[in-house]
Amino acid sequence: MTDQVRIFDTTLRDGEQAARINLNKGEKLQIARQLARLGVDVIEAGFPASSQGDFESVQAIAREFKGGPIIAGLARTKKEDIARAGEAVKDADRPRIHTFIATSPIHMEYKLKMTKEEVLSEVKEAVGFARTLVDDVEFSAEDASRSEIPFLIEVFKTAVEAGATTLNIPDTVGYAQPDEFYNFVFEIIKGVNPPANVIWSVHCHNDLGLAVANSLAAVRAGVRQVECTINGLGERAGNASMEEIVMAMNTRTDQYPAKAGLDTTKLYSTSKLVASLTGVVVQPNKAVVGQNAFAHEAGIHQHGMLCNRATYEIMTPETVGAPSSDLVLGKHSGRHAFKDRVESLGYALSKDDMEVAFKEFKDLCDKKKDVSDSDIEAMILDRVLSFIPERRYELKDYAVQVSTGSKPTASVTMTSGNVDYTEAAVGNGPVDAVYNAVKKILGFIPELKGFRIGATSERSDAMAETRIIINYKDIQAQGRGTSTDIVEASLRAYIDAANRLYAAAAAKEVKLNGHDAR
Ligand code: KIV
Ligand code: ZN
(Lines give C-alpha, C1' and ligand atoms only; values in the text may rest on other atoms or scores of the structure.)
(Ligands and ions follow the chains in the order given, each with its own letter.)
Protein backbone atom coordinates (compact mmCIF):
# COMPACT_ATOMS: atom_id res chain seq x y z
CA MET A 1 0.00 0.00 0.00
CA THR A 2 1.28 3.53 -0.80
CA ASP A 3 1.94 5.72 2.23
CA GLN A 4 0.67 9.25 2.48
CA VAL A 5 2.95 12.27 2.65
CA ARG A 6 1.60 15.01 4.88
CA ILE A 7 1.54 18.38 3.20
CA PHE A 8 2.60 21.11 5.63
CA ASP A 9 1.85 24.48 4.10
CA THR A 10 3.93 27.43 5.28
CA THR A 11 2.70 30.05 2.79
CA LEU A 12 1.32 32.11 5.67
CA ARG A 13 4.56 31.94 7.66
CA ASP A 14 7.70 31.41 5.55
CA GLY A 15 5.92 32.64 2.41
CA GLU A 16 4.66 35.75 4.12
CA GLN A 17 8.15 36.40 5.51
CA ALA A 18 9.39 37.08 1.95
CA ALA A 19 10.37 40.60 0.96
CA ARG A 20 7.46 42.88 0.02
CA ILE A 21 4.73 40.47 1.09
CA ASN A 22 2.50 41.77 3.80
CA LEU A 23 -0.85 40.06 4.25
CA ASN A 24 -3.39 41.22 6.79
CA LYS A 25 -5.67 39.04 8.90
CA GLY A 26 -8.56 39.00 6.42
CA GLU A 27 -6.27 38.04 3.56
CA LYS A 28 -4.61 35.30 5.63
CA LEU A 29 -8.02 33.89 6.55
CA GLN A 30 -9.05 33.73 2.89
CA ILE A 31 -5.87 31.82 2.07
CA ALA A 32 -6.26 29.51 5.07
CA ARG A 33 -9.84 28.64 4.03
CA GLN A 34 -8.65 27.81 0.54
CA LEU A 35 -5.77 25.68 1.90
CA ALA A 36 -8.31 23.76 3.98
CA ARG A 37 -10.48 23.19 0.91
CA LEU A 38 -7.40 22.01 -0.96
CA GLY A 39 -6.93 19.48 1.83
CA VAL A 40 -3.48 20.32 3.23
CA ASP A 41 -2.67 18.42 6.40
CA VAL A 42 -1.01 21.26 8.31
CA ILE A 43 -1.29 25.04 7.99
CA GLU A 44 1.58 26.94 9.57
CA ALA A 45 -0.42 30.08 10.22
CA GLY A 46 2.37 32.37 11.41
CA PHE A 47 4.96 33.25 14.03
CA PRO A 48 2.85 34.54 16.93
CA ALA A 49 5.72 36.05 18.95
CA SER A 50 6.89 38.15 16.01
CA SER A 51 4.08 40.75 16.27
CA GLN A 52 0.62 41.33 17.70
CA GLY A 53 -0.78 41.20 14.14
CA ASP A 54 0.75 37.77 13.55
CA PHE A 55 -0.55 36.53 16.89
CA GLU A 56 -4.10 37.65 16.04
CA SER A 57 -3.96 36.08 12.58
CA VAL A 58 -2.82 32.73 13.94
CA GLN A 59 -5.51 32.88 16.60
CA ALA A 60 -8.22 33.69 14.04
CA ILE A 61 -7.12 30.81 11.81
CA ALA A 62 -6.95 28.45 14.80
CA ARG A 63 -10.57 29.34 15.64
CA GLU A 64 -11.77 28.97 12.07
CA PHE A 65 -11.83 25.21 11.44
CA LYS A 66 -13.75 22.37 13.00
CA GLY A 67 -11.95 19.10 12.40
CA GLY A 68 -9.90 20.63 9.60
CA PRO A 69 -6.14 20.80 9.17
CA ILE A 70 -3.66 20.96 12.03
CA ILE A 71 -2.90 24.62 12.81
CA ALA A 72 0.73 25.29 13.71
CA GLY A 73 2.36 28.36 15.24
CA LEU A 74 6.12 28.84 14.97
CA ALA A 75 8.28 29.61 18.01
CA ARG A 76 11.97 29.93 18.76
CA THR A 77 13.07 27.77 21.67
CA LYS A 78 12.55 30.75 24.01
CA LYS A 79 9.92 30.14 26.67
CA GLU A 80 8.05 33.40 25.86
CA ASP A 81 7.83 32.45 22.16
CA ILE A 82 6.47 29.01 22.96
CA ALA A 83 3.93 30.37 25.43
CA ARG A 84 2.76 32.89 22.81
CA ALA A 85 2.47 30.21 20.10
CA GLY A 86 0.59 27.95 22.55
CA GLU A 87 -1.84 30.77 23.36
CA ALA A 88 -2.42 31.56 19.67
CA VAL A 89 -3.19 27.97 18.60
CA LYS A 90 -4.94 26.75 21.74
CA ASP A 91 -8.48 27.08 20.33
CA ALA A 92 -7.70 24.99 17.26
CA ASP A 93 -9.26 21.54 17.03
CA ARG A 94 -5.79 20.24 16.26
CA PRO A 95 -3.15 22.66 17.55
CA ARG A 96 0.60 22.29 16.98
CA ILE A 97 3.60 24.20 18.31
CA HIS A 98 6.56 24.21 15.93
CA THR A 99 9.76 25.13 17.73
CA PHE A 100 13.23 25.47 16.24
CA ILE A 101 16.87 26.19 17.00
CA ALA A 102 19.92 26.23 14.74
CA THR A 103 22.34 23.30 14.92
CA SER A 104 25.06 24.13 12.35
CA PRO A 105 28.52 25.18 13.59
CA ILE A 106 28.27 28.56 11.84
CA HIS A 107 24.85 29.41 13.33
CA MET A 108 25.77 28.17 16.81
CA GLU A 109 29.04 30.13 16.90
CA TYR A 110 28.05 33.41 15.25
CA LYS A 111 24.29 33.74 15.67
CA LEU A 112 23.39 31.88 18.84
CA LYS A 113 26.80 32.07 20.55
CA MET A 114 25.95 28.76 22.18
CA THR A 115 27.84 25.53 22.71
CA LYS A 116 26.51 22.14 21.63
CA GLU A 117 25.64 21.32 25.24
CA GLU A 118 23.68 24.55 25.59
CA VAL A 119 21.75 23.84 22.39
CA LEU A 120 20.90 20.32 23.58
CA SER A 121 19.64 21.59 26.89
CA GLU A 122 17.58 24.32 25.15
CA VAL A 123 15.96 21.65 22.89
CA LYS A 124 15.03 19.53 25.91
CA GLU A 125 13.56 22.50 27.82
CA ALA A 126 11.71 23.94 24.83
CA VAL A 127 10.12 20.75 23.55
CA GLY A 128 9.27 19.66 27.11
CA PHE A 129 7.59 23.02 27.81
CA ALA A 130 5.70 22.97 24.48
CA ARG A 131 4.37 19.50 25.36
CA THR A 132 2.84 20.90 28.55
CA LEU A 133 0.74 23.17 26.27
CA VAL A 134 -0.18 20.90 23.35
CA ASP A 135 0.15 17.21 22.45
CA ASP A 136 1.48 17.86 18.96
CA VAL A 137 4.99 19.37 18.94
CA GLU A 138 7.25 19.70 15.93
CA PHE A 139 10.95 20.32 16.38
CA SER A 140 13.18 21.76 13.60
CA ALA A 141 16.97 21.85 13.54
CA GLU A 142 17.54 25.07 11.62
CA ASP A 143 20.33 24.86 9.02
CA ALA A 144 20.32 21.08 9.48
CA SER A 145 21.87 20.48 6.05
CA ARG A 146 25.07 22.24 7.20
CA SER A 147 25.13 20.53 10.59
CA GLU A 148 27.28 17.59 11.68
CA ILE A 149 25.36 14.32 11.43
CA PRO A 150 26.39 12.86 14.84
CA PHE A 151 25.35 16.09 16.60
CA LEU A 152 22.08 16.27 14.69
CA ILE A 153 21.28 12.70 15.71
CA GLU A 154 21.86 13.66 19.33
CA VAL A 155 19.68 16.77 18.95
CA PHE A 156 16.77 14.83 17.41
CA LYS A 157 17.03 12.07 20.04
CA THR A 158 16.80 14.74 22.73
CA ALA A 159 13.74 16.24 21.03
CA VAL A 160 12.01 12.85 20.84
CA GLU A 161 12.74 12.08 24.48
CA ALA A 162 11.27 15.47 25.42
CA GLY A 163 8.07 14.65 23.51
CA ALA A 164 8.43 15.91 19.91
CA THR A 165 6.08 14.12 17.53
CA THR A 166 7.42 15.54 14.24
CA LEU A 167 11.13 16.00 13.49
CA ASN A 168 11.98 18.44 10.73
CA ILE A 169 15.23 18.58 8.74
CA PRO A 170 15.46 22.00 7.06
CA ASP A 171 17.77 22.91 4.22
CA THR A 172 17.50 26.49 5.46
CA VAL A 173 19.89 28.09 2.97
CA GLY A 174 19.09 25.88 -0.04
CA TYR A 175 22.57 24.38 -0.06
CA ALA A 176 21.84 20.66 -0.40
CA GLN A 177 22.04 18.59 -3.59
CA PRO A 178 19.44 15.87 -4.19
CA ASP A 179 21.65 12.74 -3.95
CA GLU A 180 23.59 14.16 -1.04
CA PHE A 181 20.35 15.15 0.73
CA TYR A 182 18.88 11.67 0.19
CA ASN A 183 21.92 10.12 1.95
CA PHE A 184 21.94 12.78 4.66
CA VAL A 185 18.24 12.29 5.53
CA PHE A 186 18.61 8.51 5.34
CA GLU A 187 21.57 8.55 7.78
CA ILE A 188 19.72 10.76 10.26
CA ILE A 189 16.54 8.67 10.22
CA LYS A 190 18.60 5.51 10.73
CA GLY A 191 20.69 7.09 13.51
CA VAL A 192 17.76 8.48 15.51
CA ASN A 193 15.43 5.54 14.91
CA PRO A 194 12.48 7.09 16.78
CA PRO A 195 9.24 5.29 17.69
CA ALA A 196 6.89 4.66 14.73
CA ASN A 197 4.48 7.47 15.73
CA VAL A 198 7.16 10.12 15.13
CA ILE A 199 6.96 11.65 11.65
CA TRP A 200 10.00 12.85 9.72
CA SER A 201 9.76 16.07 7.77
CA VAL A 202 11.84 18.27 5.47
CA HIS A 203 11.74 21.98 4.74
CA CYS A 204 13.78 23.01 1.69
CA HIS A 205 14.68 26.45 0.37
CA ASN A 206 15.28 27.17 -3.28
CA ASP A 207 18.54 29.14 -3.41
CA LEU A 208 20.01 26.79 -6.02
CA GLY A 209 16.67 25.95 -7.61
CA LEU A 210 16.65 22.48 -6.00
CA ALA A 211 14.03 22.79 -3.24
CA VAL A 212 11.51 20.52 -4.97
CA ALA A 213 14.16 17.97 -6.06
CA ASN A 214 15.59 17.85 -2.52
CA SER A 215 12.13 17.44 -0.94
CA LEU A 216 11.35 14.56 -3.31
CA ALA A 217 14.71 12.92 -2.58
CA ALA A 218 13.84 13.11 1.11
CA VAL A 219 10.48 11.41 0.49
CA ARG A 220 12.38 8.53 -1.11
CA ALA A 221 14.68 8.46 1.93
CA GLY A 222 11.70 8.04 4.29
CA VAL A 223 10.21 11.40 5.29
CA ARG A 224 6.43 11.57 5.44
CA GLN A 225 5.88 15.31 5.84
CA VAL A 226 6.99 17.93 3.35
CA GLU A 227 6.97 21.64 4.16
CA CYS A 228 6.22 23.84 1.18
CA THR A 229 4.41 26.91 -0.05
CA ILE A 230 1.97 27.79 -2.79
CA ASN A 231 3.82 29.13 -5.86
CA GLY A 232 7.11 28.46 -4.02
CA LEU A 233 6.84 31.74 -2.10
CA GLY A 234 9.29 32.26 0.73
CA GLU A 235 12.47 33.85 2.02
CA ARG A 236 14.98 34.85 -0.70
CA ALA A 237 14.52 32.42 -3.65
CA GLY A 238 11.56 30.86 -1.87
CA ASN A 239 10.53 27.51 -0.46
CA ALA A 240 9.72 24.25 -2.21
CA SER A 241 6.64 24.71 -4.36
CA MET A 242 3.69 22.64 -3.15
CA GLU A 243 2.06 22.20 -6.52
CA GLU A 244 5.27 20.81 -8.05
CA ILE A 245 5.96 18.37 -5.20
CA VAL A 246 2.39 17.09 -5.14
CA MET A 247 2.12 16.64 -8.89
CA ALA A 248 5.54 14.95 -9.12
CA MET A 249 4.56 12.39 -6.47
CA ASN A 250 1.06 11.89 -7.82
CA THR A 251 2.12 11.67 -11.49
CA ARG A 252 5.20 9.46 -11.00
CA THR A 253 3.73 7.00 -8.52
CA ASP A 254 6.23 4.46 -9.90
CA GLN A 255 9.08 6.55 -8.43
CA TYR A 256 7.80 7.47 -4.97
CA PRO A 257 6.76 5.28 -2.08
CA ALA A 258 4.10 7.80 -1.06
CA LYS A 259 1.47 10.21 -2.40
CA ALA A 260 -0.18 13.41 -1.21
CA GLY A 261 -3.83 13.17 -0.23
CA LEU A 262 -4.84 16.57 -1.60
CA ASP A 263 -7.66 17.54 -3.92
CA THR A 264 -5.26 18.47 -6.74
CA THR A 265 -8.08 20.03 -8.76
CA LYS A 266 -7.87 23.00 -6.37
CA LEU A 267 -4.16 23.65 -6.93
CA TYR A 268 -4.69 26.14 -9.74
CA SER A 269 -7.31 28.23 -7.93
CA THR A 270 -5.17 28.26 -4.78
CA SER A 271 -2.20 29.47 -6.79
CA LYS A 272 -4.32 32.25 -8.35
CA LEU A 273 -5.67 33.35 -4.98
CA VAL A 274 -2.22 33.51 -3.40
CA ALA A 275 -0.79 35.39 -6.39
CA SER A 276 -3.64 37.93 -6.26
CA LEU A 277 -3.48 38.54 -2.53
CA THR A 278 0.31 38.73 -2.29
CA GLY A 279 0.81 40.62 -5.55
CA VAL A 280 3.60 38.17 -6.47
CA VAL A 281 2.83 37.14 -10.02
CA VAL A 282 3.42 33.60 -11.23
CA GLN A 283 5.84 33.34 -14.14
CA PRO A 284 4.00 32.10 -17.28
CA ASN A 285 6.26 29.05 -17.69
CA LYS A 286 5.98 28.00 -14.02
CA ALA A 287 5.43 24.23 -13.75
CA VAL A 288 1.88 23.06 -12.97
CA VAL A 289 0.21 26.46 -12.42
CA GLY A 290 1.85 28.84 -14.92
CA GLN A 291 -0.34 30.35 -17.64
CA ASN A 292 1.57 28.35 -20.29
CA ALA A 293 1.91 25.11 -18.32
CA PHE A 294 -0.61 23.39 -20.59
CA ALA A 295 -0.29 25.53 -23.74
CA HIS A 296 0.97 23.73 -26.83
CA GLU A 297 2.30 26.18 -29.37
CA ALA A 298 4.41 24.21 -31.87
CA GLY A 299 2.47 22.75 -34.81
CA ILE A 300 4.02 19.33 -34.38
CA HIS A 301 2.93 19.27 -30.74
CA GLN A 302 -0.59 20.38 -31.61
CA HIS A 303 -0.80 17.62 -34.20
CA GLY A 304 0.34 15.04 -31.62
CA MET A 305 -2.17 16.36 -29.07
CA LEU A 306 -5.02 16.03 -31.56
CA CYS A 307 -4.08 12.39 -32.19
CA ASN A 308 -3.62 11.54 -28.53
CA ARG A 309 -3.22 14.03 -25.65
CA ALA A 310 -0.73 11.74 -23.91
CA THR A 311 1.83 12.39 -26.67
CA TYR A 312 2.74 15.71 -25.08
CA GLU A 313 0.72 15.86 -21.87
CA ILE A 314 1.94 13.99 -18.76
CA MET A 315 -0.92 15.34 -16.67
CA THR A 316 -4.13 17.02 -17.75
CA PRO A 317 -5.05 20.63 -16.94
CA GLU A 318 -8.23 19.22 -15.34
CA THR A 319 -6.14 17.35 -12.72
CA VAL A 320 -4.89 20.65 -11.31
CA GLY A 321 -8.08 22.59 -12.02
CA ALA A 322 -6.51 24.79 -14.72
CA PRO A 323 -9.13 26.18 -17.11
CA SER A 324 -8.66 24.97 -20.69
CA SER A 325 -9.49 28.49 -21.87
CA ASP A 326 -10.15 31.84 -20.19
CA LEU A 327 -13.93 31.50 -20.21
CA VAL A 328 -15.89 34.70 -20.11
CA LEU A 329 -19.15 35.72 -18.50
CA GLY A 330 -21.34 38.57 -19.72
CA LYS A 331 -24.48 40.53 -18.94
CA HIS A 332 -26.68 37.49 -19.60
CA SER A 333 -24.87 35.39 -16.99
CA GLY A 334 -26.99 34.75 -13.93
CA ARG A 335 -26.26 34.62 -10.22
CA HIS A 336 -25.69 30.89 -10.29
CA ALA A 337 -23.06 30.93 -13.03
CA PHE A 338 -21.35 33.87 -11.36
CA LYS A 339 -21.28 32.17 -7.94
CA ASP A 340 -19.89 28.98 -9.48
CA ARG A 341 -17.13 30.92 -11.18
CA VAL A 342 -16.20 32.86 -8.03
CA GLU A 343 -15.94 29.61 -6.08
CA SER A 344 -13.85 27.94 -8.75
CA LEU A 345 -11.43 30.88 -8.47
CA GLY A 346 -10.89 29.96 -4.81
CA TYR A 347 -12.93 32.66 -3.06
CA ALA A 348 -15.17 31.80 -0.14
CA LEU A 349 -17.58 34.74 0.03
CA SER A 350 -20.28 35.25 2.62
CA LYS A 351 -23.86 35.63 1.32
CA ASP A 352 -23.69 39.41 1.68
CA ASP A 353 -20.29 39.67 -0.03
CA MET A 354 -21.57 37.49 -2.88
CA GLU A 355 -24.47 39.93 -3.36
CA VAL A 356 -22.09 42.91 -3.47
CA ALA A 357 -19.84 41.02 -5.88
CA PHE A 358 -22.77 40.18 -8.16
CA LYS A 359 -23.85 43.82 -8.25
CA GLU A 360 -20.29 44.95 -9.06
CA PHE A 361 -20.16 42.26 -11.75
CA LYS A 362 -23.35 43.58 -13.34
CA ASP A 363 -21.92 47.14 -13.26
CA LEU A 364 -18.81 45.82 -14.96
CA CYS A 365 -20.92 44.13 -17.65
CA ASP A 366 -22.34 47.57 -18.47
CA LYS A 367 -18.80 48.81 -19.10
CA LYS A 368 -17.43 45.83 -21.02
CA LYS A 369 -19.04 43.05 -23.00
CA ASP A 370 -17.01 40.05 -21.85
CA VAL A 371 -15.89 39.66 -18.25
CA SER A 372 -12.99 37.26 -17.79
CA ASP A 373 -11.89 35.32 -14.71
CA SER A 374 -9.12 37.83 -14.16
CA ASP A 375 -11.60 40.73 -14.31
CA ILE A 376 -13.79 39.02 -11.71
CA GLU A 377 -10.82 38.32 -9.49
CA ALA A 378 -9.53 41.87 -9.66
CA MET A 379 -13.01 43.26 -8.98
CA ILE A 380 -13.55 40.99 -5.94
CA LEU A 381 -10.23 41.94 -4.39
CA ASP A 382 -10.68 45.63 -5.02
CA ARG A 383 -14.37 46.17 -4.38
CA VAL A 384 -15.58 43.33 -2.16
CA LEU A 385 -12.77 41.99 -0.02
CA SER A 386 -10.71 45.01 0.81
CA PHE A 387 -9.73 43.39 4.14
CA ILE A 388 -9.18 46.68 5.92
CA PRO A 389 -10.92 46.97 9.30
CA GLU A 390 -11.81 50.61 8.63
CA ARG A 391 -11.47 52.52 5.38
CA ARG A 392 -10.61 56.08 6.30
CA TYR A 393 -11.03 57.50 2.82
CA GLU A 394 -13.22 56.59 -0.13
CA LEU A 395 -12.80 57.96 -3.62
CA LYS A 396 -15.76 60.14 -4.52
CA ASP A 397 -14.77 61.84 -7.74
CA TYR A 398 -11.84 62.83 -9.87
CA ALA A 399 -11.09 64.68 -13.08
CA VAL A 400 -7.89 64.96 -15.09
CA GLN A 401 -7.01 67.30 -17.87
CA VAL A 402 -4.27 66.27 -20.27
CA SER A 403 -3.21 68.16 -23.38
CA THR A 404 -0.11 68.41 -25.56
CA GLY A 405 2.33 71.06 -24.38
CA SER A 406 1.02 71.62 -20.84
CA LYS A 407 1.37 69.72 -17.59
CA PRO A 408 -1.57 67.48 -16.65
CA THR A 409 -3.81 68.82 -13.90
CA ALA A 410 -6.09 66.81 -11.66
CA SER A 411 -8.72 67.38 -9.05
CA VAL A 412 -9.65 64.63 -6.59
CA THR A 413 -12.48 64.42 -4.07
CA MET A 414 -12.28 61.89 -1.26
CA THR A 415 -14.79 61.30 1.52
CA SER A 416 -13.93 60.66 5.14
CA GLY A 417 -16.60 60.41 7.84
CA ASN A 418 -19.28 61.95 5.57
CA VAL A 419 -17.12 64.99 4.79
CA ASP A 420 -15.79 65.62 1.28
CA TYR A 421 -12.22 66.83 0.76
CA THR A 422 -11.20 68.20 -2.61
CA GLU A 423 -7.72 69.19 -3.81
CA ALA A 424 -6.20 70.03 -7.19
CA ALA A 425 -2.61 69.49 -8.32
CA VAL A 426 -0.37 69.28 -11.35
CA GLY A 427 2.02 66.45 -12.19
CA ASN A 428 4.41 65.07 -14.76
CA GLY A 429 1.69 62.79 -16.01
CA PRO A 430 -2.00 62.20 -15.16
CA VAL A 431 -1.18 59.59 -12.48
CA ASP A 432 1.40 61.88 -10.88
CA ALA A 433 -1.17 64.69 -10.87
CA VAL A 434 -3.88 62.64 -9.09
CA TYR A 435 -1.29 61.33 -6.61
CA ASN A 436 -0.20 64.88 -5.79
CA ALA A 437 -3.81 65.83 -5.14
CA VAL A 438 -4.28 62.81 -2.83
CA LYS A 439 -1.12 63.71 -0.86
CA LYS A 440 -2.56 67.18 -0.23
CA ILE A 441 -5.74 65.60 1.12
CA LEU A 442 -3.79 63.19 3.34
CA GLY A 443 -1.56 65.97 4.65
CA PHE A 444 1.63 63.91 4.47
CA ILE A 445 3.86 62.59 1.71
CA PRO A 446 4.48 58.83 1.69
CA GLU A 447 7.39 57.52 -0.34
CA LEU A 448 6.34 55.51 -3.39
CA LYS A 449 8.29 52.25 -3.18
CA GLY A 450 6.68 50.26 -5.94
CA PHE A 451 4.26 50.86 -8.80
CA ARG A 452 3.07 48.26 -11.25
CA ILE A 453 0.26 48.47 -13.72
CA GLY A 454 -1.08 45.55 -15.71
CA ALA A 455 -4.13 44.44 -17.62
CA THR A 456 -6.40 41.61 -16.53
CA SER A 457 -6.39 40.20 -20.07
CA GLU A 458 -4.74 40.82 -23.41
CA ARG A 459 -7.73 42.64 -24.89
CA SER A 460 -8.03 46.40 -25.28
CA ASP A 461 -11.20 46.42 -23.14
CA ALA A 462 -9.36 44.70 -20.26
CA MET A 463 -9.50 46.12 -16.76
CA ALA A 464 -6.37 47.93 -15.59
CA GLU A 465 -4.97 46.61 -12.31
CA THR A 466 -2.53 48.74 -10.37
CA ARG A 467 -0.45 47.61 -7.41
CA ILE A 468 1.56 50.06 -5.39
CA ILE A 469 3.70 50.05 -2.27
CA ILE A 470 4.08 53.18 -0.15
CA ASN A 471 6.18 53.81 2.92
CA TYR A 472 5.87 56.43 5.62
CA LYS A 473 7.55 56.51 9.03
CA ASP A 474 8.92 53.02 8.34
CA ILE A 475 5.44 51.59 7.84
CA GLN A 476 4.97 49.90 4.51
CA ALA A 477 1.59 49.37 2.91
CA GLN A 478 0.49 47.80 -0.35
CA GLY A 479 -2.53 48.90 -2.29
CA ARG A 480 -4.40 47.65 -5.31
CA GLY A 481 -6.96 49.23 -7.55
CA THR A 482 -8.87 48.21 -10.64
CA SER A 483 -10.89 50.02 -13.21
CA THR A 484 -11.50 50.08 -16.93
CA ASP A 485 -9.59 53.38 -16.75
CA ILE A 486 -5.87 53.29 -15.88
CA VAL A 487 -5.79 56.62 -14.01
CA GLU A 488 -8.73 55.57 -11.83
CA ALA A 489 -7.11 52.17 -11.15
CA SER A 490 -3.92 53.95 -10.05
CA LEU A 491 -5.85 56.40 -7.91
CA ARG A 492 -7.82 53.62 -6.21
CA ALA A 493 -4.56 51.76 -5.52
CA TYR A 494 -3.10 54.84 -3.81
CA ILE A 495 -6.17 55.37 -1.64
CA ASP A 496 -6.21 51.66 -0.77
CA ALA A 497 -2.55 51.82 0.25
CA ALA A 498 -3.18 54.96 2.30
CA ASN A 499 -6.08 53.25 4.13
CA ARG A 500 -3.84 50.27 4.88
CA LEU A 501 -1.12 52.61 6.09
CA TYR A 502 -3.58 54.21 8.53
CA ALA A 503 -4.66 50.75 9.77
CA ALA A 504 -1.05 49.59 10.23
CA ALA A 505 -0.10 52.87 11.96
CA ALA A 506 -3.06 52.56 14.33
CA ALA A 507 -2.06 48.98 15.20
CA LYS A 508 1.45 50.20 15.99
CA GLU A 509 0.16 53.33 17.75
CA VAL A 510 2.12 55.57 15.37
CA LYS A 511 0.80 59.03 14.51
CA LEU A 512 1.17 59.88 10.83
CA ASN A 513 1.24 63.68 11.35
CA GLY A 514 -1.09 64.33 8.45
CA HIS A 515 -4.77 64.99 8.90
CA ASP A 516 -4.82 62.09 11.37
CA ALA A 517 -7.83 63.36 13.21
CA ARG A 518 -10.20 62.89 10.27
O1 KIV B 1 14.18 27.64 6.84
C2 KIV B 1 14.08 27.23 8.02
O3 KIV B 1 14.98 26.63 8.59
C4 KIV B 1 12.85 27.55 8.71
C5 KIV B 1 12.65 26.90 10.04
C6 KIV B 1 12.02 27.81 11.01
C7 KIV B 1 11.90 25.62 9.88
O8 KIV B 1 12.01 28.24 8.19
ZN1 ZN C 1 12.31 28.32 5.99
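Up top is the structure.
Residues numbered from 1 in each chain as written. Chains lettered and ligands numbered in written order. Predicted model: local features only at pLDDT ≥ 70, side-chain atom pairs only at ≥ 80, totals over all residues. Heavy atoms only, no water.

Draft legend 1. Main features of the pattern of salt bridges. Per the stated rule, a full pass over the model turns up 40 salt bridges. Where Glu394 meets Arg391, a salt bridge forms, and the shortest distance between an N and an O atom there is 3.3 Å. Through salt bridges with shared partners, a single ionic network connects Glu27, Arg391, Glu394, Arg480, Asp496 and Arg500. (Salt bridge = Lys/Arg side-chain N within 4 Å of Asp/Glu carboxyl O.)

Draft legend 2. Geometry of the site of ligand 1. Inspection of the region around ligand 1 gives Arg13, Asp14, His98, Phe100, Ser140, Glu142, Asn168, Pro170, Thr172, His203 and His205 as its neighbouring residues. In this structure, Asp14 approaches ligand 1 through a side-chain N or O atom, which is 3.1 Å from an oxygen atom. At a separation of 2.6 Å, an oxygen atom of ligand 1 approaches a polar side-chain atom of Thr172. Burial of ligand 1 by the surrounding chains reaches 94%, relative to a free accessible area of 260 Å². (Near = heavy atom within 4 Å. Polar contact = N/O pair within 3.5 Å; in protein donor to acceptor, adjacent residues only side chain to side chain. Areas by Shrake-Rupley, 256 points an atom, 1.4 Å probe, with all protein chains shown as cover.)

Draft legend 3. Main features of a nonpolar patch on the surface. There is a patch of nonpolar side chains on the surface, built from Leu448, Phe451, Ile453 and Ile486 and spanning about 360 Å² of accessible area. When residues in the nonpolar patch are grouped by element, the largest group, three residues, is from strand β15 (residues 447-455). Within the fold, Ile486 resides in helix α18 (residues 486-507). (Patch = residues over 30% accessible without salt bridge, like charges linked within 9 Å, V, L, I, M, F, W, Y side chains within 5 Å. Helix = DSSP H or I, 4+ residues; strand = E, 2+ residues; numbered from the N terminus.)

Draft legend 4. Fine view of the sheet that holds strand β13 (residues 406-416). One open sheet accounts for three strands, arranged β12-β13-β14; its pairing is antiparallel. Each edge of the sheet is formed by a strand with only one pairing partner; in this case those strands are β12 (394-403) and β14 (419-426). Between one strand axis and the next, the sheet turns by 10° as a mean value, whatever way the strands run. The pairing of β12 with β13 spans eight bridges and is classified as antiparallel. Bridging from a neighbouring strand, Leu395 pairs with Met414 of β13. Packing of α18 onto the sheet brings it into contact with β12 and β13, and relative to β12 it is tilted by some 135°. (Pairing = 2+ DSSP bridges. Axes fitted to C-alpha atoms, helices over the stretch in contact; angles between N-to-C directions. Contact = heavy atoms within 4.5 Å.)

Draft legend 5. Fine view of the pairing of strand β8 (residues 225-228). Side chains Gln225 and Glu227 of β8 all project onto a buried face; the interleaved residues Val226 and Cys228 project onto the opposite face, where all are buried too. Relative to β8, strand β1 (residues 3-9) is paired through four bridges, and the arrangement is parallel. Pairing of Ile7 across the sheet is with Val226, part of β8. (Buried < 20%, exposed > 50% of the residue type's maximum accessible area, 1.4 Å probe, protein only.)

Draft legend 6. Inspection of unusual backbone geometry at higher detail. One non-glycine residue, Asn418, adopts positive backbone phi at about 65°. Turning to its location among the elements, Asn418 is positioned in the loop between β13 and β14. The phi dihedral of Lys473 is positive, around 50°, even though this residue is not glycine. Lys473 sits in the partly exposed class, given a relative accessible area of 39%.

Draft legend 7. Fine view of empty space enclosed by the protein. Tallied over the full model, the rule gives one cavity of 30 Å³ or more. Empty space within the largest cavity amounts to approximately 30 Å³. Forming the walls of the largest cavity are Ala62, Phe65, Gly67, Gly68, Pro69, Ile71, Ala92, Asp93 and Arg94. Broken down by class, the residue content of the lining of the largest cavity amounts to five nonpolar, two polar and two charged. (1 Å grid on protein atoms, 1.4 Å probe; cavity = no way out; pocket = protein on both sides within 12 Å on 5 of 7 lines; lining within 4 Å. Points joined across faces, edges and corners; volume = space filled by probe spheres on them. Nonpolar A, V, L, I, M, F, W, Y, C, P; charged D, E, K, R; others polar.)

Draft legend 8. View of the side chain of Glu243. Within the secondary structure, Glu243 is located in helix α10 (residues 242-251). Judged by relative accessible area, Glu243 falls into the buried class, the value being 1%. At a separation of 3.0 Å, a polar atom in the side chain of Glu243 contacts the side chain of Ser241. Residues contacting Glu243, with those up to four places away along its chain left out, are Thr229, Ile230, Asn231, Gly232, Leu267, Lys286, Ala287, Val288 and Val289.

Draft legend 9. The layout of surface pockets, seen in detail. By volume, the second largest pocket is sized at about 1,100 Å³. Around the second largest pocket, the lining is made up of 37 residues, and of these Asn22, Leu23, Asn24, Gly53 and Ala504 lie nearest the centre.

Draft legend 10. Main features of the coordination of the zinc ion (ligand 2). The coordination sphere of the zinc ion (ligand 2) contains the protein donors Asp14 (OD), His203 (NE2) and His205 (NE2), at a distance range of 2.0 to 2.1 Å. Of note, the donors binding the zinc ion (ligand 2) are all from one chain and are spaced D-x188-H-x1-H. With a gap of 189 residues between them, Asp14 in helix α1 (residues 11-15) and His203 in strand β7 (residues 199-204) connect regions that are remote in the sequence. For the pair formed by Asp14 and His203, the shared burial category is buried. (Donors = N, O, S within 2.8 Å, 3.2 Å for Na, K, Ca; no water.)

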